[in-house]
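# A closer look at the structure
Read off the chains here:
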Amino acid sequence: MSDIADQAGSSLVHDPKSIIIALVPKLPALISVFCSATIIRKVYFSPTKWQNIYHRIIFGLSCSDVLASSVYFLGTWLIPAK
């Protein structure tokens, strides 16, 4: 019986390497979300925001980057525990 409890408890303990691998991508993802949000804000509040095709392309790319970086940031936290 104690073997089963030991196995269940050991699945929740992670070695330092797996913790580092899970945490290292979080900082670049946050930086990317912040920078893309800044670009979105700058383009959205620009008086000539939709007159230039460049602004529309950058706006769309920044929106998709915010979504992708958010998923990248939350990625390891969304995995269920065993």
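For the structure, check the block above.
All values derive from a computational prediction rather than experimental measurement.

The rules behind each value
Residues numbered from 1 in each chain as written. Predicted model: local features only at pLDDT ≥ 70, side-chain atom pairs only at ≥ 80, totals over all residues. Heavy atoms only, no water. Helix = DSSP H or I, 4+ residues; strand = E, 2+ residues; numbered from the N terminus. Buried < 20%, exposed > 50% of the residue type's maximum accessible area, 1.4 Å probe, protein only. Contact = heavy atoms within 4.5 Å. Areas by Shrake-Rupley, 256 points an atom, 1.4 Å probe, with all protein chains shown as cover. Expected span 1.5 Å × (residues − 1). Polar contact = N/O pair within 3.5 Å; in protein donor to acceptor, adjacent residues only side chain to side chain. Axes fitted to C-alpha atoms, helices over the stretch in contact; angles between N-to-C directions. Parallel < 35°, antiparallel > 145°, perpendicular 65-115°, else oblique. Left-handed = near helix turned anticlockwise from the far one by under 90°. Nonpolar A, V, L, I, M, F, W, Y, C, P; charged D, E, K, R; others polar. Patch = residues over 30% accessible without salt bridge, like charges linked within 9 Å, V, L, I, M, F, W, Y side chains within 5 Å. Salt bridge = Lys/Arg side-chain N within 4 Å of Asp/Glu carboxyl O. Phe/Tyr/Trp six-rings, centres within 6.5 Å; stacked < 30°, edge-to-face > 60°.

### Concerning the overall build of the protein
Along its length, the protein carries four helices and zero strands. In sequence order, the protein lays out its α and β elements as α-α-α-α. Taken over 82 residues, the protein has a buried fraction of 12%. By sequence separation, contacts in the protein at least 24 residues apart represent 61% of the contacts at least 6 residues apart. Within the structure as shown, the protein displays about 6600 Å² of accessible surface, and the carbon and sulfur contribution to it stands at 73%.

### As for helix H4 (residues 53–74)
Between its first and last C-alpha atoms H4 spans 32 Å; for 22 residues at 1.5 Å apiece the expected length is 32 Å, and the two agree. Elements that come into contact with the buried residues of H4 comprise helix H3 (26–44). For H4, the side-chain oxygen to backbone nitrogen distance between the N-cap and Tyr 54 is 3.2 Å, and the N-cap itself is Asn 52.

### Describing the packing of H3 against H4
Where H3 meets H4, the axes come as close as 8 Å, and the angle between the chain directions of the two elements is 150 degrees. In terms of their interaxial angle, H3 and H4 are classed as roughly antiparallel. When you trace H3 past H4, the crossing you get is left-handed. Together, Lys 26, Ala 29, Leu 30, Ser 32, Val 33, Ser 36, Ala 37, Ile 39, Ile 40, Val 43 and Tyr 44 of H3 and His 55, Ile 58, Phe 59, Ser 62, Cys 63, Asp 65, Val 66, Ser 69, Ser 70, Tyr 72 and Phe 73 of H4 make up the contact between the two elements. Split by residue class, the contact of H3 with H4 holds 14 nonpolar, six polar and two charged.

### Here's the deal with a nonpolar patch on the surface
A contiguous nonpolar surface patch, about 520 Å² in accessible area, is contributed by Ile 19, Leu 23, Leu 74, Trp 77 and Leu 78. For Leu 78, a relative accessible area of 62% puts it in the exposed group.

### A few points about the packing of aromatic side chains
Inspection of the entire model under this criterion finds two aromatic pairs. Taken together, a centroid distance of 5.3 Å and an interplanar angle of 85 degrees make the contact between Tyr 44 and Phe 45 edge-to-face. Under the relative-accessibility criterion, Tyr 44 is labelled partly exposed at 42%. Plain terms: the ring middles of Trp 50 and Phe 59 are 5.2 Å apart, the flat faces sit at 85 degrees to each other, and that makes the pair edge-to-face.

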